[in-house]
Amino acid sequence: MLKHLAGLGAALVAASALAQGVPAGYPADYAKVLDAAKKEGKVVIYSALDTKAAQPLIRDFESAFPGIKVEYNDMNSTEMYNRFIAESASGQGGADVMWSSAMDLQVKLVDEGKAMAYASPEASKLPSWAVYKGEAWGTTYEPAVFIYNKRLVAADEVPHDHAAFAKLLESKTAKFKGKVNTYDIEKSGVGFMFVVQDTKYFQGMKDLEKAFGKAEYKVFSSTGNMLEKVSSGEHLLGYNVLGSYALVRAKKDPSLGVVLPKDFTLVLSRVMFIAKQAKNPNAAKVWTDYILSQRGQKMIGGPVELFAVRSDVDAEYTAASLNKELGANAKPIPVSSEIVGYLDPKKRLDFISAWKSEIAAGAAGK
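Analysis parameters
- Numbering of residues starts from 1 in every chain and runs along the sequence as written.
- Note on the predicted model: pLDDT of at least 70 is required for a residue's local features to be given, and 80 or more for side-chain atom pairs to be given and counted; whole-chain, interface and lining totals, by contrast, use all residues.
- Note: side-chain values were computed over all heavy atoms of the structure, leaving out hydrogens and water.
- Helix and strand definitions here come from DSSP, where helices need a minimum of 4 consecutive H or I residues and strands a minimum of 2 consecutive E residues; each element is numbered from the N-terminal end.
- In this scheme, a helix's expected span is set at 1.5 Å multiplied by one less than its residue total.
- Burial classes: relative accessible area under 20% of the type maximum marks a residue as buried, over 50% as exposed, and values in between as partly exposed (1.4 Å probe, protein chains only).
- Throughout, the arc means that of the directions going from the helix axis to the C-beta atoms.
- By definition, residues are in contact when any of their heavy atoms lie within 4.5 Å.
- We call two N or O atoms a polar contact when they sit within 3.5 Å, provided that within protein one can donate a hydrogen and the other can accept it, with sequence-adjacent residues counted only if both atoms are side-chain atoms.
- Each aromatic pair joins two rings of Phe, Tyr and Trp (for Trp, the six-membered one) with centres within 6.5 Å, and gets the label stacked for planes under 30 degrees apart, edge-to-face for over 60, and tilted for any other angle.
- Only when the NZ atom of a Lys or the CZ atom of an Arg is both within 6 Å of the ring centre and within 35 degrees of the ring normal do we say a charge sits over the ring.
- Angular values range over 0 to 180 degrees, each being the angle between N-to-C directions of two axes fitted as lines to C-alpha atoms, with helices fitted over their stretch in contact.
- Take the far helix as the reference: if the near one is turned anticlockwise from it by less than a right angle, the crossing is left-handed, and if turned clockwise, right-handed.
- Any two strands between which DSSP finds at least two bridges are classified as paired.
- For the handedness criterion, the strands are oriented away from the viewer, and a crossover whose path from the first strand over the helix to the second runs clockwise is classed as right-handed.
- Every definition here rests on a 1 Å grid over the protein atoms only: cavities are sets of points where a 1.4 Å probe fits but cannot get out, pockets are open sets enclosed by protein on both sides within 12 Å along at least five of seven lines, and lining residues have some atom within 4 Å of a point.
- Grid points are joined across faces, edges and corners, and a volume is the space filled by probe spheres set on the points.
- Polar here means any residue outside two lists: the nonpolar Ala, Val, Leu, Ile, Met, Phe, Trp, Tyr, Cys and Pro, and the charged Asp, Glu, Lys and Arg; Gly therefore counts as polar.

A short note on helix α4 (residues 77–89)
Turning to step 1, where the next piece is worked out: Its 13 residues give α4 an end-to-end C-alpha distance of 18 Å, which sits within 8% of 18 Å, the value for a rise of 1.5 Å per residue.
Turning to step 2, where the next piece is worked out: Burial in α4 covers these residues: S77, M80, Y81, F84, E87 and S88. All buried residues of α4 lie within an arc of 135° about the axis, which places them on one face of the element.
Turning to step 3, where the next piece is worked out: Its buried side turned inward, α4 meets β1 (42–47), β3 (97–100), α5 (103–111), α8 (189–201) and β12 (271–274).
Turning to step 4, where the next piece is worked out: Two or three places before T78, at the opening of α4, N76 has a side-chain oxygen 2.8 Å from that residue's backbone nitrogen.

Written as structure tokens, this is what we have:
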């Protein structure tokens, strides 16, 4: 009889949790988090993913969790970092959740104690490299690619690895002068992180930097600008462009070609954490769990057109489908303290100074 009553009690708790929208497999007391989140009424997101791209996620989240509104603010990754730091210092925390493609800046904030510890029920479904200290999570799987204009770059000119990119600029400088673009590593957190990682895998990085200088390369803070310039033919090549955007555009744009480099392809994962000073901490937990869940990941790999990081997601854009193509060439940038070394002010300045010096040497023909 007692066993029967205990079983009935557990069933009632589970039924109550289900009625309050607790996802299957979550602890029954998650209903308390949901209740508190609805009382908070909103979650404030700072993100480097533009609002238009995030709309499917926002709509689906608000439909899954009525009563919790999403206040979404998109900005450049460096601007987002600076705003968060300023607001934290003044005690006027604005963001509940930080979600950025500048992985190193995100990890730096976690290491500085700016993130809330949270045992997400979804964390165990992520790759081990995508979970950091129980405080930050990699949410996507996005390659760094080369892009080219299909109409103006011949098939035998297309570079398929980093050494070939440098060699092409060196051997056909006249054709590519002023027509190559990449991120501005001083203004783009993602661009800086990519080239730091490149130096880890590519011994000829200085040759490439010189070739950039010789070709009078152009720099941008946003991926959209680089794609637009190459698509129009104003530029012919783009380097280290965020592949999630490039591959989606190339499907609809016959002028745009995309290369997943054959020597190594860096893979970025947008890092998310809950701010320690979050004014809506429960709503932030619900949003985080949703993004990491199978449902949220299916949206990321589907309508949002990024790549889902979870291996159990059936969608058009997934880590599994990308890894099938890349094999051992995929080099995921880990969500770990190893990626923040060059954010030390002196190291960062020294790195940028050395980069500029090689660019100048290339431009001078040295």
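More follows now that the structure is in view.
Details of the environment of G362
Turning to step 1, where the next piece is worked out: Tracing the backbone shows G362 in helix α15 (residues 345–363).
Turning to step 2, where the next piece is worked out: G362 sits in the buried class, given a relative accessible area of 5%.
Turning to step 3, where the next piece is worked out: The spatial distance from the C-alpha of G362 to the C-alpha of Q297 is 44 Å, given a sequence separation of 65 residues.
Turning to step 4, where the next piece is worked out: In this structure, G362 is in contact with K210, G213 and K214, ignoring residues within four places of it in sequence.

Quick word on the packing of aromatic side chains
Turning to step 1, where the next piece is worked out: In total, this model carries 21 aromatic pairs according to the counting rule given.
Turning to step 2, where the next piece is worked out: Between F212 and W355, the ring centres sit 6.2 Å apart and the planes meet at 45°, which makes this aromatic pair tilted. On the criterion of sequence distance, the pair formed by F212 in helix α9 (residues 205–214) and W355 in helix α15 is long-range, its members being 143 residues apart.
Turning to step 3, where the next piece is worked out: Note on W355: relative accessible area 4%, which makes it buried.
Turning to step 4, where the next piece is worked out: An aromatic cluster of at least three residues, connected via ring pairs, comprises F146, F165, F212, Y217, Y239 and W355.
Turning to step 5, where the next piece is worked out: Directly above the aromatic system of Y342 lies the positively charged group of K347, at a separation of 5.6 Å from the ring centroid.
Turning to step 6, where the next piece is worked out: A cation sits over an aromatic face here: R348 above F192, 5.1 Å from the ring centre.

Brief notes about the packing of helix α6 (residues 162–171) against α9
Turning to step 1, where the next piece is worked out: Running from N to C, α6 and α9 cross one another at 35°; their axes reach a closest spacing of 9 Å. Handedness of the crossing formed by α6 with α9: left-handed. Mapping the contact onto sequence places F165, A166, L169 and E170 in α6 and D207, L208, A211, F212 and K214 in α9.

Here we look at the pairing of β1
Turning to step 1, where the next piece is worked out: Taken across its six residues, β1 has five buried, putting it largely inside the fold.
Turning to step 2, where the next piece is worked out: Sheet topology places β1 next to strand β2 (residues 69–74); six bridges connect them, and they run parallel. The residue bridging V44 from the neighbouring strand is E71, located in β2.
Turning to step 3, where the next piece is worked out: Since β1 and β2 lie parallel, the crossover through helix α3 (residues 51–64) that links them has a hand, and here it is right-handed.
Turning to step 4, where the next piece is worked out: Pairing geometry for β1 and β3, over three bridges, is parallel. Bridge pairing in β3 links Y46 to M98.

Observations regarding the layout of surface pockets
Turning to step 1, where the next piece is worked out: Put simply, the largest pocket is a space of about 690 Å³.
Turning to step 2, where the next piece is worked out: In terms of lining residues, the largest pocket is bounded by 28 residues, among which A48, D50, T223, G224 and Y245 are the most central.
Turning to step 3, where the next piece is worked out: Of all elements in the fold, only α3, α10 (223–232) and α11 (243–252) reach the threshold of two or more residues within the lining of the largest pocket.
Turning to step 4, where the next piece is worked out: With four residues, α11 is the single largest residue contributor to the lining of the largest pocket.
Turning to step 5, where the next piece is worked out: When grouped by side-chain class, the residues that make up the lining of the largest pocket number 13 nonpolar, nine polar and six charged.

Regarding the sheet that holds β3
Turning to step 1, where the next piece is worked out: On the basis of which strands lie adjacent, the open sheet formed by six strands has the order β2-β1-β3-β12-β5-β4 and mixed pairing. Of all strands in the sheet, those bounded by a partner on one side alone are β2 and β4 (131–132).
Turning to step 2, where the next piece is worked out: Where strand β5 (residues 136–138) and β12 come together, three bridges link them in antiparallel fashion. Across the sheet, W137 pairs through a bridge with M272, a residue of β12.
Turning to step 3, where the next piece is worked out: Packing of α3 onto the sheet brings it into contact with β1, β2 and β3, and relative to β2 it is tilted by some 165°.
Turning to step 4, where the next piece is worked out: Taken strand by strand, α5 contacts β3, β4, β5 and β12, and its axis lies near 25° from that of β12.

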